[in-house]
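For reference, the chains in residue letters:
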Amino acid sequence: MQRSRGWATGWNAARVAVAALILVAVGAQFASSVAEAVARGRDVATVVANFFSFFTILSNVSSAVVIAWLGLRFFARGRRLDVDPPALATALAFVSTYMIVTGVVYNLLLRGIPLQPETVGWSNEVMHVWGPLFLLLDVVLGPTRRRLPWSAAFAAAIFPIVWIVYTLVRAPLITNPTTGAPFWYPYPFLDPSTGGWGSVVFYIVVIAVAIVALAVGVVAIGRARGIRSDGIRAGRRVDRRAY
């Protein structure tokens, strides 16, 4: 069923719809944050930079771009059941991992903590619950996934590591526009003033291990149910290389 044209058509339509919903949710939260900054005389440039420094925002925007690209590509190519290109398949595995991590970390560590005073309720749920859930389902149900090499799972950790370094270097240089504190950390568990550097290092290690483990799981599922070009009977030359 998952390799049929009908299933691929429906799932790719869902990808485009969910991508649009995620982008609308991000846009609604962005508009609320900027409006609140203007109303309270906060530094708008800092608020905007902080907004795009949240891992949640980065993972949601990147996942929306990738699944929209996949969906639109499918329809632009006449609904052909072609295996996902290597670069796009790798990007999909990465953003799937990041969104699942976003959902797990938020619902285990951050639910009920107001990260922004102007949080938009429905937007928050889309970015932390429904978007991650769809990307999880896409790992299991998405059509035409390509089998990826195991190295892709470890490469998925590169972006989160860069983001953590960026966050820890930038945070002490930014004045919190809401509280006036001489630092700004996007998430409490990265703030050494609350639990010390030991706590920060602990959470970083746990989350890094979780990201790699989840990425391995995403790649493993993709290898188990993914397809090569020879798995699609389209009457064209087939690619028999394993991934």
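Residues numbered from 1 in each chain as written. Predicted model: local features only at pLDDT ≥ 70, side-chain atom pairs only at ≥ 80, totals over all residues. Heavy atoms only, no water.

Undergrad: Could you clarify how one ought to interpret unusual backbone geometry in this entry?
TA: Generally, phi is negative for residues other than glycine and the peptide bonds are trans, each holding for most cases. Positive phi, normally seen in glycine, also occurs at arginine 79, with a value near 60 degrees. Along the chain, arginine 79 falls in the loop between helix H3 (55–76) and helix H4 (86–110). Its relative accessible area of 35% is what places arginine 79 among the partly exposed residues. Even without being glycine, threonine 144 reaches a positive phi, approximately 55 degrees. Here threonine 144 is to be found in the loop between helix H5 (121–141) and helix H6 (151–155). For threonine 144, a relative accessible area of 10% puts it in the buried group. (Helix = DSSP H or I, 4+ residues; strand = E, 2+ residues; numbered from the N terminus. Buried < 20%, exposed > 50% of the residue type's maximum accessible area, 1.4 Å probe, protein only.)

Undergrad: Looking at this structure, I do not really get the nonpolar core. What am I missing?
TA: One recurring pattern in soluble globular proteins: nonpolar side chains tend to sit buried together. Ranked by size, the top nonpolar core spans 53 residues in total, and within it Ile22, Ile67, Leu92, Leu135, Tyr187, Phe189 and Leu190 carry the most contacts. Where this core is concerned, the elements lending two or more residues are helix H1 (5–39), H3, H4, H5, H6, helix H7 (158–170) and helix H8 (192–225). With residues up to four places along the chain from it excluded, the contact list for leucine 190 reads Trp163, Thr167, Leu168, Tyr185, Val200 and Ile204. (Core = buried A, V, L, I, M, F, W, Y, C linked by side-chain atoms within 4.5 Å. Contact = heavy atoms within 4.5 Å.)

Undergrad: Please explain a nonpolar patch on the surface as it appears in this structure.
TA: A grouping of Trp130, Leu133, Leu136 and Leu137 is seen on the molecular surface, where their side chains present a nonpolar patch of about 370 Å² in accessible area. Mapping tryptophan 130 onto the fold places it in helix H5. Overall, the relative accessible area of 53% leaves tryptophan 130 in the exposed class. (Patch = residues over 30% accessible without salt bridge, like charges linked within 9 Å, V, L, I, M, F, W, Y side chains within 5 Å. Areas by Shrake-Rupley, 256 points an atom, 1.4 Å probe, with all protein chains shown as cover. Salt bridge = Lys/Arg side-chain N within 4 Å of Asp/Glu carboxyl O.)

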